[in-house]
Amino acid sequence: MGQKKDLTGSEKSKIVRYLAEGCSSLKIAKLLKRDHRTIKRFIQNSQQGRKKRVEKPRRKITAHELRKVKRAAAKMPLATSLAIFQSCNITGVPKSTRCAILRDMAKVRKAERRPPLNKTHKLKRQDWAKKYLKTDFSKVLWTDEMRVSLDGPDGWARGWTGKGQRAPVRLRRQQGGGGVLVWAGIIKDELVGPFRVEDGVKLNSQSYCQFLEDTFFKQWYRKKSASFKKNMIFMQDNAPSHASKYSTAWLARKGIKEEKLMTWPPCSPDLNPIENLWSIIKCEIYKEGKQYTSLNSVWEAVVAAARNVDGEQIKTLTESMDGRLLSVLAKKGGYIGR
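Residues numbered from 1 in each chain as written. Predicted model: local features only at pLDDT ≥ 70, side-chain atom pairs only at ≥ 80, totals over all residues. Heavy atoms only, no water.

In the nomenclature of an unreviewed UniProt entry, the protein is known as Tc1-like transposase DDE domain-containing protein of Oreochromis niloticus.

Now the structure itself:
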């Protein structure tokens, strides 16, 4: 009978089954044509099992130390649990205990991202708010572009997973797997678009104007009445393709000029209500960490999510402008959030 080094997975399964049937180790060795010592060694190792883990006594945290941790957490936003406890000279506390303690008095948050505002920016934001304070915002068309990738934001792929379950596998691709540029507008309780920018097209002044001609003007604006066109105010941000002399002159030839083209303060995405619409759409298309395999599939998801946004939601966004202007003035041109 030949002696082999290791038992295969199939042989181990058969040994367990034979043992359950009451076979001796010698009989199992004959059935499997393996050395008796190999079978006995496997049975002995299986019966020994794993050694029990010795639980180390955990360090107790006093009420005084808890107060120190709470003060440190308030003074050190975005710090790790280890850094917070070290600043309080509290050592010997495992990470699980540190996190459990902090969970009762703090939350894990990401830093807010916002554009830098200097003194000039704040003054221009105040001037803008004063200029449009008495404007009827139901006549303003708020526009913007949004890029959606196949993978979506990394931080949105987190969620609760049951004990014993493995987290789903998530594809990792450069630049989120590529993406689609989307343009849309909102006015009163109506959504204009969304329209897809052709793949591979970089929006400069000429391509931006041609895009508006093929989508916004031909598919939406042309169908509106003369009175609507007369009263509508067109809003766009200060992206180079929007604010260039070429684009401004082209819009003027279309009748969108002077008071019909809203001036826009620098670094002010928080003042544009369509940014909130983008958040609604992204939350829908990337829920549960969803990823996409093609540009067409992510575009179809954007269209479906946009259709689910009802008029009341859009009206809530456009009607929020009066409050945003008052907030800008109250904060002396400071950032107001979205």
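Draft legend 1. The overall build of the protein, seen in detail. What the protein contains, in helices and strands, is 15 helices and four strands. Over its C-alpha atoms, taken along the principal directions, the protein stretches across nearly 100 × 55 × 35 Å. Burial analysis of the protein (338 residues in total) assigns 38% to the buried set. Carbon together with sulfur atoms contributes 51% to the accessible area of the protein, which is approximately 22300 Å² in total. (Helix = DSSP H or I, 4+ residues; strand = E, 2+ residues; numbered from the N terminus. Buried < 20%, exposed > 50% of the residue type's maximum accessible area, 1.4 Å probe, protein only. Areas by Shrake-Rupley, 256 points an atom, 1.4 Å probe, with all protein chains shown as cover.)

Draft legend 2. View of a negative patch on the surface. Taken together, the side chains of Asp189, Asp310, Glu312, Glu319 and Asp322 make up a negatively charged region of the molecular surface. If you trace the backbone, aspartate 189 turns up in the loop between strand S2 (179-187) and strand S3 (190-196). (Patch = residues over 30% accessible without salt bridge, like charges linked within 9 Å, V, L, I, M, F, W, Y side chains within 5 Å. Salt bridge = Lys/Arg side-chain N within 4 Å of Asp/Glu carboxyl O. Lys, Arg positive; Asp, Glu negative; His and termini not counted. Charge placed at Lys NZ, Arg CZ, Asp CG, Glu CD.)

Draft legend 3. Here's a closer look at the sheet that holds strand S1 (residues 140-149). Taken together, the four strands give an open sheet; going across it, the order is S3-S2-S1-S4, and neighbouring strands pair in mixed fashion. Either end of the sheet is taken by a strand with one partner, and the two such strands are S3 and strand S4 (233-235). Going from strand to strand, the sheet's axes swing by 20 degrees on average, the running direction of each strand aside. One ladder, built from three bridges, connects S1 with S4; its direction is parallel. (Pairing = 2+ DSSP bridges. Axes fitted to C-alpha atoms, helices over the stretch in contact; angles between N-to-C directions.)

Draft legend 4. Representation of unusual backbone geometry in the model. The step from glycine 193 to proline 194 runs through a cis peptide bond, and the omega angle for that step is 5 degrees. Here asparagine 89, not a glycine, exhibits a phi torsion of approximately 60 degrees, which is positive. The residue asparagine 89 is located in the loop between helix H5 (81-87) and helix H6 (95-103) in this model. A relative accessible area of 66% means that asparagine 89 is categorised as exposed.

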